[in-house]
Amino acid sequence: MSDDATGSTTAERGLAGQDQSVASFEEDRHSGLRSIQRFLHEYPTAVPFIVLIIGVAIFSVIVGGRFFAPFNLSLVLQQVTIIAVLGIAQTLVILTAGIDLSVGAIMVLSSIVMGRLAVIWGWPPEVAFAVGLATGLGCGLVNGLLVALLKLPPFIVTLGTWSIYGSMVIYVSHSETIRAQDIEATAPLLQWLGHTIRLGGGAVLTYGAIAMILIAIVIWYVLNRTAFGRHVYATGDDPEAARLAGINTAGTLIAVYALAGFICAVASWVLVGRIGAASPLGNQTANLDAITAVVIGGTSLFGGRGSIVGTLFGALIVGVFRNGLALAGFESLWQEFTVGILIILAVTIDQWIRKISA
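Q: Explain the overall build of the protein chain to me, please; I cannot follow it from the model alone.
A: When its secondary structure is counted, the protein chain shows 15 helices and two strands. Residues counted as buried form 46% of the 358 residues belonging to the protein chain. By element, 66% of the accessible surface of the protein chain is carried by carbon and sulfur atoms, the whole surface being about 17,900 Å².

Structure (structure tokens):
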């Protein structure tokens, strides 16, 4: 017998007693923590919703029945209306992995333009209102062109335009506040969103709050039911992949910033209705509050993940915690302290959730 035949026979005898079963690989079973991580990645609005419920439960115990008084609940809604509208504008930008530090300045500038054209210069209120909306749209368009065409970082661009638009507020207004009485007598249209509907039990609903809800519905539909919305998410998630897929990423960015500016102008209408006047000092913290609402609402600062519903929850969380702490007798510094903790927790949770896609 040849050496090859002998080796083959020996090999066959050696394999005869071995396990002949086919190897199989069972699907990896995720741990409970991993399942939670996947769930939160799939449903980013779950976190702010849970936080909101926890906040309401905590203050219902600490404050008692005063927190659930119809007037107090409607007051919370009124207090977060402007933050929520600006938050919707900010959400659009952050979904593209950008940020707009100028939203508050755009809002105040648009309100000043509306007020001065109608009251000081005597323009028809409808025309002054339209020019105010166009002002917001134009400011947002400038931001978008600088970011998309010059490829400048959104943070730097909007930091610069925030300073520019803020200077324009002082220049246009001459540092003067247009009084509520003058607007009411000359251009009541600008105060229309401040009108209220009494719901009973002391609860009051403003037209501004209704406008906030309508804006949220429209933008939600745009983001979730249109091609433009899919382009926004794709641009924020991976701009290079979106470009290779045929998406005009530059055009998408320009449209997003312009739309955000227009929404800020609508927020200026809400602002005038809320305070009655057109002031160059109107709501100076609105910009940071809007970013806070977006971040706490689960929208990722890295782009591509988030929702308008989450932003509304985020705005309500800010309102609930501030209102509850105020009713409990805490000073305003503790309100800001608590909001700061919520921001850090929100970003930490976002980082943890994003690991699921890594």
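Q: When you look at unusual backbone geometry in this model, what are you seeing that I'm missing?
A: The phi torsion of most residues other than glycine is negative, and most of the peptide bonds are trans. Unlike most non-glycine residues, His-174 shows phi in positive territory, near 55 degrees. As for its placement among the helices and strands, His-174 is situated in the loop between α7 (154–173) and α8 (180–186). At Ser-175, a residue that is not glycine, the phi angle is positive and equals roughly 60 degrees. Position of Ser-175 among the secondary structure elements: in the loop between α7 and α8.

Q: In this structure, what is going on with the pattern of salt bridges? I would like to understand it.
A: It is possible for side chains of opposite charge to pair when their charged atoms get near one another. Per the stated rule, a full pass over the model turns up five salt bridges. When the shortest N-O distance is used, the salt bridge between Glu-240 and Arg-243 registers 2.5 Å. Remark: Arg-243 and Glu-240 occur in helix α11 (residues 239–244); sequence separation between them is three residues, near one turn of the helix. Among the residues examined, Glu-240 registers a relative accessible area of 42% and is labelled partly exposed. For Arg-243, a relative accessible area of 45% translates into the label partly exposed.

Q: So what exactly am I meant to see when it comes to the nonpolar core here?
A: In a soluble, globular protein the nonpolar side chains are often hidden away together inside. Counting residues in each nonpolar core, the largest one holds 65 residues, and the members touching the most others are Leu-86, Met-107, Leu-190, Ile-219, Leu-223 and Ile-263. The element that contributes the greatest number of residues to this core is helix α12 (residues 249–275), accounting for 14 residues. Each residue touching Leu-190, except ones within four places of it in the same chain, is listed here: Met-114, Gly-115, Ala-118, Phe-129, Ile-183, Trp-269, Val-272 and Gly-273. Counting residues in each nonpolar core, the second largest holds 19 residues, with Ile-291, Ile-296, Leu-325 and Ala-346 among its members.

Q: Where do I start with a nonpolar patch on the surface in this structure?
A: On the surface, a cluster of nonpolar side chains totalling about 660 Å² of accessible area is made up of Phe-49, Ile-50, Ile-53, Ile-54, Ile-58, Val-61 and Ile-62. Here Ile-54 shows up in helix α3 (residues 46–62).

Q: Got a minute to help me understand the environment of Asn-143 in this structure?
A: Considering the arrangement of structural elements, one finds Asn-143 in helix α6 (residues 125–148). Sequence spacing of Asn-143 and Gly-160 is 17 residues, and the spatial spacing of their C-alpha atoms is 9.7 Å. When near neighbours in sequence (up to four residues on either side) are disregarded, Asn-143 contacts Asp-100, Ser-102, Ile-106, Val-157, Thr-158, Thr-161, Tyr-165 and Tyr-257.

Q: Looking at this model, I keep getting lost on the environment of Ser-111. Mind explaining?
A: Residue position: Ser-111 is located in helix α5 (residues 103–120). We classify Ser-111 as buried; its relative accessible area is 1%. As for Ser-111 and Gly-136, which are separated by 25 residues in sequence, their C-alpha atoms are 9.4 Å apart. What Ser-111 contacts, discounting residues up to four positions off in sequence, is Ser-268, Leu-271, Val-272 and Ala-278. In this structure the side chain of Ser-111 is engaged in a polar contact, spanning 2.6 Å, whose partner is the backbone oxygen of Val-108.

Q: Could you clarify how one ought to interpret helix α4 (residues 70–95) in this entry?
A: Residue pairs three or four apart in sequence face the same way in an α-helix, which turns once every 3.6 residues. Here α4 spans 35 Å end to end across 26 residues, near enough to the 38 Å set by a 1.5 Å rise per residue. Of all the bends in α4, the largest measures some 40 degrees and sits at Thr-81. Of all 26 residues in α4, 20 are buried; the element is thus mostly enclosed. Note on α4: the residue one or two positions beyond its end, Ala-97, has a positive phi of about 70 degrees.

Conventions we followed
- Residues numbered from 1 in each chain as written.
- Predicted model: local features only at pLDDT ≥ 70, side-chain atom pairs only at ≥ 80, totals over all residues.
- Heavy atoms only, no water.
- Helix = DSSP H or I, 4+ residues; strand = E, 2+ residues; numbered from the N terminus.
- Buried < 20%, exposed > 50% of the residue type's maximum accessible area, 1.4 Å probe, protein only.
- Areas by Shrake-Rupley, 256 points an atom, 1.4 Å probe, with all protein chains shown as cover.
- Salt bridge = Lys/Arg side-chain N within 4 Å of Asp/Glu carboxyl O.
- Core = buried A, V, L, I, M, F, W, Y, C linked by side-chain atoms within 4.5 Å.
- Contact = heavy atoms within 4.5 Å.
- Patch = residues over 30% accessible without salt bridge, like charges linked within 9 Å, V, L, I, M, F, W, Y side chains within 5 Å.
- Polar contact = N/O pair within 3.5 Å; in protein donor to acceptor, adjacent residues only side chain to side chain.
- Expected span 1.5 Å × (residues − 1).
- Bend = angle between axes of the 7 residues up to and from the residue.

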